[in-house]
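Chain by chain, the residues:
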Amino acid sequence: MRTCFLALFIFISGSVSLCQSPTHPVNGTANQNHTAYAFTNALIWVDPMNVITGGTLLIRDGKIVEVGTKVTIPSGTVVYDLKGKSIYPSLIDPFTTYGMPEVKREPWSPNPQMDTKTKGAHNWNQAIKPELNAADFFVADQKFADEMRRLGFGTVQTIPRDGIARGTGACVILGTGKENELIISGRSSQNFSFEKGSSSQEYPGSLMGSIALLRQTYLDALWYKENKGTVEFNLSLDAWNSNMTLPQIFETRDKLSVLRADKVGDEFKVQFIFKGSGNEYQRIDEVKATNGKFILPLNFPLPYDVEDPYDALLVSLEDMKHWEMAPLNPSACEQRFITFAFTTADLKDKKEFWKNLRKAIAYGLSERTALKALTVNAAEMLGISDLVGTLRPGMLANFIITSGNLFDEKNIIYENWVKGVPYTIQDPHFTDLRGNYELSVNNKVLKLKISGEPDKPKGSIIQSDSVKIPVTFLVNDQLLTITFDHNGWYRLGGSMNADGTVWQGKGQLFDGSWVEWVCKRTSGEEEKKPQDKKGQELKIYPTLDDVIYPFNAYGVTKKDSSAYQKWRNRWGAILIKNVTVWTNEPDGILKNKDVLIVEGKIVRIGENLGVPATVKAIVIDGTGKHLSPGIIDEHSHIGISGGVNEGTQSSSAEVKIGDVINCEDINIYRQLSGGVVACQLLHGSANPVGGQSGLIKLKWGTSPEEMKIKWADGFIKFALGENVKQSNWGDNSTIRFPQSRMGVEQVYFDLFIRAKEYEKRMAEWNKMDAKTKSKSTPPRRDLELETIAEIMNKRRFISCHSYVQSEINMLMKVGDSMGFTVNTFTHILEGYKLADKMKLHGAGASSFSDWWAYKMEVKDAIPYNGAILWRNGVVTAFNSDDAEMGRRLNQEAGKAVKYGNVPKEDALKFVTLNPAILLHLDKKMGSIKPGKDGDVVLWTAEPLSIYAKVDKTIIEGTIYYDAEMDKLLREEIQKERARLIRKMLDEKNGGEKTQKPVKKEQKLYHCDDVEEYGAEEETVGQ
C-alpha cells in the first residue's frame, strides 16, 4: 500500500489515457499496469439516496471494485486521503451533438425539389433517415470534452440532430482515447423532431406536414415489417423497425409540441422521452398527462434591457413572465412527479450551467432530485445504468472529487475521473479565498469582500451598500500582493496561513511610509435571505400558482379565486334577466325575457325565471341589452402553428389543422371580444386539396384538445383558381403539378379514382379469410387516400376556396361524376352567377361581404353577392379569412342589410345559424333554444349596429370574455409589466447581463401564405 499526495499523482498521470483497445495493435510498449487506487475518508454519494460518511472508494482497471466504510485495501494500492472532500458520480448529459459533423443545408435554390436526392434504397423523403447512427460519425473533440469535464460530466449521449427521423444516438465517455475506446453504447436511442433540418426536399413545408409524415411513416414501417421480403427493400424502414426497441427521444420546440408529439406516440403505442424547451411549466398538468420522461435544458433567458421605456414596449408580457418564471420549470416537474434529466443543450455559454441549476434549486428544486436528474435518471433513460450514474462495484470509475456539496455556489470540482483516468479541474491544494475579511492597516479596520470565480477572485473594500472600492490582488501559492486606493494608494505584500484564513505582511502607503497589516477571514457564507417577523424565509420566487392560463396577455391564474371564478363560472348556472333575445328560431326576437343556462346548456327562456337555491349562479342584468347566438366564423386561420399551407404537393389531404392548434394565440381573445364563439380553422389555398380542418370553440385559457369540438363532423379544404396553379409563385415554380386550371380538374379526378380503387382493395382484403390473407400482401394504408374516401362516404365534407364561375361549375360536375357533394364554396365571389346551380347541387356559400379588387379573380365581385345567394335558397354565411375582420363579423353581417335589404334577423344568421348549418353544428349551436349549447353573446345594442359592443361572450355556460373583467385585466397587465420591468432593472443594476429587446411580430395567416416551418421562430404575444 502506497500513500501519496494527490497533486503528485495528478502530475505524473497527466499523460495517462484510457486503456488501449484490445483489438488495436500498439506501436511501442503497452501500459500493462493494473494499479488499484483507494480514496479514503470521503463523503461518498453512491447514489442520490445512499451517502457514505468517511467511506472508501476502491477502483482498478477503470472500474469500481468496492465502496463502503470497511473496504479491504489490497497491497500495492495507491491511497489518497480525501478527508473533508466529497465524491459524486460523474454527471451524464443525454442530449448533445458531441463529435457529430456540422449539419449543412444545401444552398438555396429557386427551383422546387419534389423528390429525394438521397441515393440508394432509402426512404422517399430526405427528412426521414433512421438509418443514421451517431456511432458511425463520431469523432472525439477534446475541446468539447474538456469543457464538459470541467462542469463535472463524464458521459454524454451524442445524436445526429438533423431531420424528422434522425437515427440513433451513441453514449460516449469524455476521455482522451480513440473513438472505439470512448463509445460505451453504439445504439442508445432513436431520435425524432418536427424539424426537417438539412433536407432540401419541398415536403413537408409545415408543422402539420411534419406530423403527417411521421404518421404515414409509422404506418409504412408496420406494413413493411409485416411484409418484409415480399415488397420493396427499404434501408430506412428496416432501420426504423430495428430502432423501435430503443428509447425513443423526441426533441420539441415548446410545450404545445410536447402534446403534439405525445399524441402521435399514443396513436402508435410509443412512449417518447421528450427533450423539452424549458417552458413545460406553462402547461404542467397536460405535460404530466403525457406520462413521458423529460430531458430539460437550463437555458433561462437573460433579463431584458428595459432602461428605455420605448424598448420596453417591444417585450411582450409573455416574454417578461417567462424570464421570471423559467427557473421554476425543473421544480414544477418535480412537484408533478415527472422524471427528468438535465442537458447543457441550448445553452449559449455552458459556463452558465451551474449558475442556472442553482437558480432552479432556489426556485424549489430539491438537491437530491437535481442529483438524480444528473446521474441516475439520465443513465436509466439511455439504458446504461449498469455502467454509469452510480458508484457501485462493477461500474465504470466515472466520478468527481469536490470540495463539498456539489450544489453549493462555492463548491470546487477538483478532479473528474473518467473510466479510472483523472482529469484535473482545480489543484486539490488550491485555497478558495472567497469570503468576508477584516483588513487592519494604518490604524484602520476595513471590510474586504472576495467574490467571483475560485480561480479568478475579485476583491472590493466595502464602505457602504452603494460604495465599493475595487481591490487588485495577485496570489502565488501562499504569497499575496494587494493594491487599492482608499484616500490614497495602499500596496501590501505578505503571505497567508495554510487554510487562507489569515493574511499578514508589510506594505507601503501612498506617501512611501511602510506599515504592517493583517487580514482575518470573518465569514465565508452568503448573506442571509430576508426573513419575516417570525424568522421564516420570505417567499421571493414565483410558484406554479403564479402561472397564467394561457401564458399570455389576458391570461389568469387558477389561484385568483375572485376573478377566476367570476369569469370562468365553469360548472354553475348563468341567468340573464330582462334581455332582448335574438333567437334565430321561429319565435324571432323576444323582448324582456330571461335566459337560463345550466351546466353549459340553455334550459329555459321565459319571464321571471329563478334558480334553485342549491345551484350556484351568476345573475346578469340584461336590461337594455341584446342577447344573440355566438358568432361562428366558417373560414378562419387564427390559432394555427407552423404554417397554414402544406402546399408542397398537389394534395395534402393527410395533414390536419387539428394537430397544430395554438391555444395561446392572442387573436382568440380578441375575437371573443367581438362575440365569436367558434371557428373552422382552415388549411390555406396553395394546392387543389389542402388539409383537414380544425373546428374549435374559443375557450381561452384551455388546451388545444379542450378547444376542439369533439362531436363535429370532419371537414377538408379544397381550392381552385390562381393560388393552386401557382400563378403568382414566381417563374421557377413550374415543377409541381398542376400549372393550369385544366390540370386542377385532373387532380380531382385522379385522386377520387385512386381513392375508389384504394377503398375497393381495402374492402377485398377485409373480406379475405385468414388462410387467403396469409398468402397475400395486404394493401398499404394511405392516409391521403383514406381521407379522400371519407369524402365519398359522407364522413368528411368539403369547404372549397373559389372565385370564378367556370371553376365552381367544374368542381360541382366533378362531384356529380364521382359521387360527392361540395358542402361549401368559400369566398364564392361569383356565386351570384350560378346560385341556382349551387342550390341544385346542394352546396352552401360562405362569402366575403364586400371584398373586391384585390386580384384579377375578383374583378367581377359585387357586394350584393350574399343577398343574391340567400334569395336563391342557398345557405349563405359571411366569413373573415382574416384575424382582424374576425373581430367585427357582426358588422359584416350588417352589410347584408345595406347591400340587398336582407332582414336583420336573417342577416344575423349569416354569422350565426348559417355557418352552424354549413359546419353541421346547428343541432347544438347557432340559435338560442332550450337544449342547445349555452354559446351566446350579450351586446350593448342591436348586434348588427356599428355601435354595438360585446358585454359578455359565453361558451357552454362559461364566461370567456367580460367587458368589465377586460378593464381589470388591462390594469393588471399594466401593473404586472411595471413590476417585471422594475425587477429587470434591479437585475441590470446588480450586474446581471441583459439582452436587447427585439420586436417580435406575430404571423397572421391568410389563405395564400406559404412559409417553411422552422425558418423563423413562432411568436405569440400581446
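Only a predicted model underlies this, so the values are computations on that prediction, with no experimental measurement involved. (Residues numbered from 1 in each chain as written. Predicted model: local features only at pLDDT ≥ 70, side-chain atom pairs only at ≥ 80, totals over all residues. Heavy atoms only, no water.)

*Asks:* Help me understand the overall build of the protein in this model?
*Replies:* Within the protein, the secondary structure is distributed over 27 helices and 44 strands. Along the first, second and third principal axes, the C-alpha set of the protein runs to 105 × 75 × 60 Å. Burial status across the protein gives 57% buried among its 1022 residues. If you take every contact in the protein between residues at least 6 apart in sequence, the share linking residues at least 24 apart comes to 68%. Surface summary for the protein: the accessible area is close to 43,800 Å², and the carbon and sulfur share equals 50%. The distance from the centre of the 127 positive side-chain charges to the centre of the 130 negative ones in the protein is 2 Å. (Helix = DSSP H or I, 4+ residues; strand = E, 2+ residues; numbered from the N terminus. Buried < 20%, exposed > 50% of the residue type's maximum accessible area, 1.4 Å probe, protein only. Contact = heavy atoms within 4.5 Å. Areas by Shrake-Rupley, 256 points an atom, 1.4 Å probe, with all protein chains shown as cover. Lys, Arg positive; Asp, Glu negative; His and termini not counted. Charge placed at Lys NZ, Arg CZ, Asp CG, Glu CD.)

*Asks:* In this structure, what is going on with unusual backbone geometry? I would like to understand it.
*Replies:* Residues apart from glycine generally show negative phi values, whereas peptide bonds are mostly found in trans. With an omega dihedral of -5°, the bond running from Tyr203 to Pro204 counts as a cis peptide bond. Here Pro204 lies in the loop between strand S10 (183-192) and helix H5 (207-226). With omega at -5°, the peptide bond leading from Tyr549 into Pro550 counts as cis. Note on placement: Pro550 falls in the loop between strand S26 (548-549) and strand S27 (556-557). Notably, Asn442 is not glycine yet its phi reads approximately 55°, a positive angle.

*Asks:* Is there a simple way to explain the nonpolar core in this structure?
*Replies:* The nonpolar side chains of a soluble globular protein tend to be buried with one another. Tyr218, Phe342, Phe353, Trp354, Leu357, Leu374 and Phe407 are the most contacted members of the largest nonpolar core, which totals 176 residues. The greatest single-element share of this core, amounting to 10 residues, is contributed by H5. For Trp354, the contacting residues outside a window of four places in its chain are Leu91, Leu151, Leu374, Leu406, Phe407 and Ile413. Of all hydrophobic cores here, the second largest spans 40 residues; its members include Phe718, Val724, Met810 and Leu869. (Core = buried A, V, L, I, M, F, W, Y, C linked by side-chain atoms within 4.5 Å.)

*Asks:* Got a minute to help me understand the packing of aromatic side chains in this structure?
*Replies:* Each aromatic ring pair is described using two quantities: the centre-to-centre distance and the angle formed by the ring planes. Tallying each qualifying case throughout the model produces 39 aromatic pairs. Each ring, one from Phe192 and one from Trp240, has its centre 5.3 Å from the other, and the planes form 70°; the classification is edge-to-face. Of the two residues, Phe192 sits in strand S10 while Trp240 sits in helix H6 (residues 235-243), which places them 48 residues apart along the sequence. What makes Trp240 buried here is its relative accessible area of 1%. (Phe/Tyr/Trp six-rings, centres within 6.5 Å; stacked < 30°, edge-to-face > 60°.)

*Asks:* Please clarify how the sheet that holds strand S36 (residues 694-697) should be interpreted in this entry.
*Replies:* Think of a sheet as strands paired side by side through backbone hydrogen bonds, with each pair either parallel or antiparallel. Taken together, the three strands give an open sheet; going across it, the order is S33-S34-S36, and neighbouring strands pair in mixed fashion. Taken across any chain shown, the strands that pair with only one partner, and hence form the sheet edges, are strand S33 (631-636) and S36. On average, adjacent strands in this sheet sit at an angle of 15° to one another, irrespective of strand direction. Relative to strand S34 (residues 676-681), S33 runs parallel, the two being bridged by four bridges. Bridge pairing in S34 links Asp633 to Cys679. (Pairing = 2+ DSSP bridges. Axes fitted to C-alpha atoms, helices over the stretch in contact; angles between N-to-C directions.)

*Asks:* Explain the pairing of strand S19 (residues 444-453) here, please?
*Replies:* When a strand is regular, its side chains alternate between the sheet's two faces. As paired elements, strand S18 (residues 435-441) and S19 share seven bridges and run antiparallel to each other. The residue of S19 that forms the bridge with Ser440 is Val445. Two elements, S19 and strand S20 (residues 456-462), share six bridges in a ladder whose sense is antiparallel. Paired with Glu453 across the bridge in S20 is Lys456. Counting the residues between successive antiparallel strands, the hairpin from S19 to S20 contains two residues.

*Asks:* What should I look at first to understand the environment of Asn180 in this one?
*Replies:* Along the chain, the position of Asn180 falls in helix H4 (residues 179-182). Once the C-alpha coordinates of Asn180 and Thr23 are considered, the two residues, 157 residues apart in sequence, prove to be 9.7 Å apart.

*Asks:* What exactly am I supposed to notice about the environment of Ile791 here?
*Replies:* Summarising the element assignment, Ile791 is placed in helix H20 (residues 783-792). The spacing of Ile791 and Asn552 is 239 residues in sequence and 38 Å in space, taken between C-alpha atoms. Once residues lying within four places of it in the same chain are set aside, the contact partners of Ile791 are Ile716, Phe718, Phe752, Arg796, Ile798 and Phe820.

*Asks:* Would you mind showing me how to read the pattern of salt bridges here?
*Replies:* Pairing is possible between side chains that carry opposite charge, provided their charged atoms lie close to one another. A complete count under the given rule lists 60 salt bridges for this structure. Of the charged contacts, one joins Lys355 and Glu992 as a salt bridge, the two residues approaching to 3.1 Å between their closest N and O atoms. Residue Lys355 is located in helix H12 (residues 353-362), and its partner Glu992 is located in the segment after helix H27 (963-989); the two are separated by 637 residues in the primary sequence. Given the relative accessible area of 36%, Lys355 is considered partly exposed. Note on Glu992: relative accessible area 16%, which makes it buried. The partner of Lys895 in a salt bridge is Glu892, with the nearest N and O atoms 3.0 Å apart. (Salt bridge = Lys/Arg side-chain N within 4 Å of Asp/Glu carboxyl O.)

*Asks:* Before we go on, may I ask you to explain the state of the cysteines in this structure?
*Replies:* Linking two cysteines covalently via their sulfur atoms produces the bond known as a disulfide. For the structure shown, the criterion picks out zero disulfides. This cysteine, Cys679, is not joined by any disulfide, and Cys1007 carries the nearest cysteine sulfur, 14 Å off. The class of Cys679 is buried, set by a relative accessible area of 1%. With no disulfide partner, Cys800 has as its closest neighbouring cysteine sulfur the one in Cys1007, 10 Å distant. (Disulfide = S-S within 2.5 Å.)

*Asks:* Can you walk me through the sheet that holds strand S37 (residues 714-719) in this structure?
*Replies:* The strand order across the open sheet formed by six strands is S35-S37-S38-S39-S40-S41, and the pairing between neighbours is mixed. Lying at the two open borders of the sheet, with one neighbouring strand each, are strand S35 (689-692) and strand S41 (876-878). Going across the sheet, the axis of each strand differs from the next one's by a mean of 25°, ignoring polarity. Here S35 pairs with S37 via two bridges, running antiparallel. Residue Gln692 lies in a different strand from S37, and its bridge partner there is Ile716.

*Asks:* Please clarify how H20 should be interpreted in this entry.
*Replies:* Given 3.6 residues per helical turn, the α-helix brings residues three or four places apart onto the same face. Counting buried positions along H20 gives nine out of 10 residues, so the element sits mostly inside the fold. Structurally, H20 contributes buried residues whose contacts are with H5, S35, S37, helix H18 (741-767), strand S38 (796-802) and helix H21 (805-818). N-capping of H20 is provided by Asp782, with a side-chain oxygen placed 3.0 Å from the backbone N of Glu784. Among the residues trailing H20, Lys794 stands out with phi positive, at a value near 60°. (Polar contact = N/O pair within 3.5 Å; in protein donor to acceptor, adjacent residues only side chain to side chain.)

*Asks:* What is the right way to read the packing of H5 against helix H7 (residues 255-267) from this model?
*Replies:* The geometry of H5 relative to H7 is characterised by a closest axis approach of 10 Å and an angle of 20° between their N-to-C directions. What the angle tells us is that H5 and H7 run roughly parallel. Of the two possible hands of crossing, H5 and H7 adopt the one that is right-handed. Facing Leu207, Ile211, Arg215 and Tyr218 of H5, the residues of H7 in contact are Arg260, Lys263, Val264 and Glu267. The residue makeup of the contact of H5 with H7, split by class, is four nonpolar, no polar and four charged. (Parallel < 35°, antiparallel > 145°, perpendicular 65-115°, else oblique. Left-handed = near helix turned anticlockwise from the far one by under 90°. Nonpolar A, V, L, I, M, F, W, Y, C, P; charged D, E, K, R; others polar.)

*Asks:* When you look at a negative patch on the surface in this model, what are you seeing that I'm missing?
*Replies:* Together, Glu367, Asp408, Glu409, Glu453 and Asp455 make up a negatively charged patch on the protein surface. Looking at the element boundaries, Glu409 is found in the loop between strand S15 (399-402) and strand S16 (413-418). (Patch = residues over 30% accessible without salt bridge, like charges linked within 9 Å, V, L, I, M, F, W, Y side chains within 5 Å.)

*Asks:* Whenever I open this one, H12 confuses me. Can you help?
*Replies:* Three or more residues of H12 are buried, namely Phe353, Trp354, Asn356, Leu357, Ala360 and Ile361. Projected down its long axis, H12 carries its buried residues within an arc of 165°, all on one side. A positive phi of about 120° marks Gly364, the residue just after H12. (Arc of directions from axis to C-beta.)

*Asks:* Is there a simple way to think about the side chain of Gln671 in this case?
*Replies:* Secondary-structure assignment places Gln671 in helix H16 (residues 666-672). Residue classification places Gln671 among the buried positions, given a relative accessible area of 0%. Setting aside anything within four residues of it in sequence, one finds Gln671 in contact with Asp633, Ile638, Val676, Cys679, Leu698, Asp882, Ala883, Gly886 and Arg887.

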